[in-house]
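# Structural characterization, general
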Amino acid sequence: MADSRPRTDTLAPDDPREILSKSPMSPMQVLVIAVTVALNALDGFDALAISFASPGIAKEWGIDRGALGFVLAAELVGMSIGSLFLGGIADKLGRRRTVLSCIGVMTVGMFMCTTPTNPTTLSIWRVITGLGIGGMLAVTNAVAAEFANLKRRDLCVSIMSIGYPIGAVVGGMITAQLLLVYDWRSVFYLGAITSLILLPLVYFFVPESVHWLMHKRPTRALDQINQTLRRMGHAVVNSLPAVSPEARKQTVGDIFKPGLIRTTMLVSFTYLFHITTFYFLIKWVPKIVVDFGFAPASAAGVLVWTNVGGALGGALLGLLTQRFNLRGLTIGAMFLSTIAVTIFGRTPHDLTMLSIVCAISGFFVNAAIVGQYAIFAKAFPTHVRAFGTGFAVGIGRGASFLAPILAGYLFEAGYELPSVSLTMALGATLAAGTLLMLRLGTDKTATGQTEPAKLKRAEA
């Protein structure tokens, strides 16, 4: 009897990227997106680990707010370097290898953060941990965009992005319990163990990106692409489209050329301004709550609620992108972030009220960040997607390391919380104004990729 089931291994002459772009998402593609959520959740926990640990560090080593600000900012320096350099490596050597390497760096960095006896050594290990986080930030955005179909691309990138607050929430809940029994070093032990667990998940369940393989054409590219298409349940191809002369000339340096330079600068400065507001909220909430007279475990709880709001805000924005303009949603979230963070500075010293206001602040601040990651995926073509994202994130986080330092010195100079909160909240307003100048193109290639209108290129 003939098998009436549809064949998934039938040869097809189509461009593999077009197959992925136009076909419904398979269970394996959904699984890859789920893994990117887990990776971003790891980023969320690792990035906030120093915030969870900061009250205990300050108490054990007797350091003031100014010195603590440098410790809080150290990881951002590493993130900046990792994003700037490892994003470009991911475009050259592949998404999968880069992600695995970044997880390894994060595991070592988190474990070694348990060993220092002074702020300087701890800061060095936080820089190293940040290298892994920064590189992974750039790559996971590209992975989520390239494993999604066109219809769900903005949604999948948004879902990937909300892994950050999810990791902070889950990690924060566990941390709150750990801090009741153990000292601040337990936070970093937890991060190292979690990082180590994710290594085999990526190794076994995340293949190399078809988009990257199509562009770079390594040895046995056709076999690797067809193997991945089969695992996804899609039709395979008997040959790959020829590489166009334009595609052969493409390099990661294209983000600085006329077709993309304006977009690169606008998204970088937008991210820089908004992430300044974000890091003030995330890095200083635990210390501010402790200074109000609450226990460190209660401070961790308030930070958890901040990230619960962030997860909800990011999820809602992702859903709204299916019906409304992505740029407009992101700008609206930025303006509301300014209002919410300003209100945080005037909230009474009541744990319930602080939790509610921080949740609302996290809702809008993280929604805007989720929107920016979706914009990165739309703004940059495949051959520079990781580097473009990494450059924007690297510039943003590299400069925003000043955010916790600036807030620390404002406190030391005698400014009260309402004034400091208002000052730091203005970063989101500057971000919204910058994003108003960005125009995402509407031209779409056969692969479903949106390109800036002035950028005419044919992807291989």
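Since the model is a prediction, treat every value here as computed from it, not as a measurement.

### A closer look at the overall build of the protein
- The secondary structure content of the protein amounts to 18 helices and four strands.
- Over its C-alpha trace the protein gives a radius of gyration of 22 Å, about what one expects of a compact globule, namely 23 Å for 460 residues.
- Overall, the protein is about 75 × 45 × 40 Å in size when its C-alpha atoms are taken along their principal axes.
- For the protein, with 460 residues in total, the buried portion stands at 60%.
- Surface accessibility of the protein: about 17600 Å² in total, with carbon and sulfur atoms responsible for 67%.
- Charge centroids of the protein, computed over 37 positive and 25 negative side chains, lie 6 Å from each other.

### Comments concerning the packing of helix H13 (residues 296-320) against helix H15 (residues 351-379)
- For the pair H13 and H15, the least separation of the axes is 6 Å and the interaxial angle reads 40°. One finds that H13 runs oblique with respect to H15. Crossing handedness for the pair H13 and H15: right-handed. The segment H13 lies against H15, with Ser298, Val302, Trp305, Thr306, Gly309, Gly310, Ala311, Leu312, Gly313, Gly314, Leu316 and Leu317 engaging Leu351, Leu354, Ser355, Cys358, Ala359, Gly362, Phe363, Asn366, Ala367, Val370 and Gly371.
- Of the residues assigned to the contact of H13 with H15, the class counts are 13 nonpolar, ten polar and no charged.

### Some details on the nonpolar core
- Formed by 123 residues in total, the largest nonpolar core has its most connected members in Phe280 and Phe344.
- If we ignore the near neighbours within four places in the chain, the residues touching Phe344 are Phe280, Leu281, Val285, Ile288, Leu354, Val357, Cys358, Ser361, Leu417 and Ser421.

### What to know about the pattern of salt bridges
- Counting across every chain of the model gives twelve salt bridges.
- Residues Arg185 and Asp183 are paired through a salt bridge, measuring 2.9 Å at the closest nitrogen-oxygen approach.
- Arg185 gets classed as buried once you look at its relative accessible area, which sits at 17%.
- Shared partners join several salt bridges into a network, and the residues in it are Asp91, Arg95, Glu146 and Arg385.

### Some thoughts on unusual backbone geometry
- Of note, Arg217 is a non-glycine position whose phi angle comes to about 50°, a positive value.
- Following the sequence through the fold, Arg217 ends up in the loop between helix H9 (210-216) and helix H10 (221-232).
- Note on Arg217: relative accessible area 24%, which makes it partly exposed.

### Brief notes about the packing of aromatic side chains
- Following the criterion strictly, the structure yields 15 aromatic pairs and no others.
- Here the aromatic rings of Tyr271 and Tyr373 are separated by 5.9 Å at their centres, their planes lie at 85°, and the arrangement is edge-to-face. With Tyr271 in helix H12 (residues 261-291) and Tyr373 in helix H15, this pair connects stretches of sequence that are 102 residues apart. Tyr373 carries the same exposure label as Tyr271, and that label is buried.
- Between Phe387 and Phe391, the aromatic rings sit 6.5 Å apart at their centres with planes inclined by 65°, giving edge-to-face as the arrangement. Linking Phe387 with Phe391, this pair stays in helix H16 (residues 385-400), spanning four residues, or about one helical turn.
- Classification of Phe391 as buried rests on a relative accessible area of 12%.
- What links up through ring pairs into an aromatic cluster is the set Trp61, Trp184 and Phe188.

### Describing the packing of helix H7 (residues 163-181) against helix H8 (residues 185-205)
- Orientation of H7 relative to H8, taken along the N-to-C sense of each, is 140°, at an axis distance of 9 Å. With respect to H8, the element H7 is oriented oblique. Two packed elements cross with a definite hand, and for H7 against H8 that hand is right-handed. Only Ser186, Val187 and Leu190 of H8 make contact with H7, whose side of the interface consists of Gly171, Ile174, Thr175, Leu178 and Leu179.
- In terms of residue class, the contact of H7 with H8 is built from five nonpolar, three polar and no charged.

### Comments concerning empty space enclosed by the protein
- Per the counting criterion, the structure on display carries four cavities of 30 Å³ or more.
- Approximately 80 Å³ is the volume found for the largest cavity.
- Contributing to the lining of the largest cavity are Asn40, Asp43, Leu137, Ser161, Tyr164, Phe278, Asn366, Ile369, Val370, Tyr373 and Arg397.
- Listing elements by their share of the lining of the largest cavity, those giving two or more residues are helix H2 (27-61) and H15.

### Remarks on H8
- When the terminal C-alpha atoms of H8 are compared, their 31 Å separation across 21 residues agrees well with the 30 Å that a helix rising 1.5 Å per residue should span.
- Of the residues making up H8, those classed as buried are Arg185, Ser186, Val187, Phe188, Leu190, Gly191, Ala192, Ser195, Leu198 and Val202.

### So, the side chain of Thr306
- Considering the arrangement of structural elements, one finds Thr306 in helix H13.
- Beyond its immediate chain neighbours, meaning those up to four positions away, Thr306 contacts Leu281, Ile282, Cys358, Ala359 and Gly362.

### Section: the side chain of Thr389
- Among the secondary structure elements, Thr389 is positioned in helix H16.
- Residue classification places Thr389 among the buried residues on the basis of a relative accessible area of 0%.
- Those residues within four positions of Thr389 in sequence are excluded, and the remaining contacts are Leu137, Ala138, Asn141, Tyr373, Phe376, Phe380 and Val384.

About the cut-offs
- Counting restarts for each chain: residues are numbered from 1 in the order of the written sequence.
- With the structure being a predicted model, the display of local features is reserved for residues of pLDDT at least 70 and the display and counting of side-chain atom pairs for 80 or more, all residues being used for whole-chain, interface and lining totals.
- Each side-chain value is derived from all of the structure's non-hydrogen atoms; neither hydrogens nor water enter the calculation.
- In this text, helices come from DSSP runs of H or I with a minimum length of four residues, and strands from runs of E with a minimum of two, each type numbered from the N-terminal end.
- Computation of the radius of gyration draws on C-alpha atoms, with the globule rule given as 2.2 Å multiplied by the number of residues to the power 0.38.
- With a 1.4 Å probe rolled over the protein chains alone, any residue whose accessible area is under 20% of its type maximum counts as buried; one over 50% counts as exposed, and the rest are partly exposed.
- Values of accessible area rely on a 1.4 Å probe in the Shrake-Rupley scheme; residue burial ignores everything except the protein chains shown.
- Only four residue types enter the tally: Lys and Arg on the positive side, Asp and Glu on the negative side, with His and both chain ends excluded.
- We put the charge of a Lys on NZ, of an Arg on CZ, of an Asp on CG and of a Glu on CD.
- Only the stretch in contact is used when a helix axis is fitted, and all axes are lines through C-alpha atoms; the angle between N-to-C directions ranges over 0 to 180 degrees.
- The cut-offs work like this: below 35 degrees is roughly parallel, past 145 is roughly antiparallel, 65 to 115 is roughly perpendicular, and the gaps in between are oblique.
- Working rule for handedness: look at the near helix, and if it is turned counterclockwise from the far one by less than a right angle, call the crossing left-handed; if clockwise, right-handed.
- Here, two residues are considered to be in contact whenever any of their heavy atoms come within 4.5 Å of each other.
- Throughout, the ten residues Ala, Val, Leu, Ile, Met, Phe, Trp, Tyr, Cys and Pro are labelled nonpolar, Asp, Glu, Lys and Arg are labelled charged, and all others, Gly among them, are labelled polar.
- The definition of a nonpolar core used throughout is a set of buried Ala, Val, Leu, Ile, Met, Phe, Trp, Tyr and Cys residues joined through side-chain atoms within 4.5 Å.
- The term salt bridge refers to a pairing of a side-chain nitrogen on Lys or Arg with a carboxyl oxygen on Asp or Glu at a separation within 4 Å.
- Aromatic contacts are taken between Phe, Tyr and Trp rings whose centres are within 6.5 Å, Trp giving its six-membered ring; a plane angle under 30 degrees counts as stacked, one over 60 as edge-to-face, and the others as tilted.
- Throughout, the protein atoms alone are placed on a 1 Å grid, and a set of points is a cavity if a 1.4 Å probe fits but cannot get out or a pocket if it is open with protein on both sides within 12 Å along at least five of seven lines; lining residues have an atom within 4 Å of a point.
- Grid points are joined across faces, edges and corners, and a volume is the space filled by probe spheres set on the points.
- To estimate the expected span of a helix, count its residues, drop one, and scale the result by 1.5 Å.

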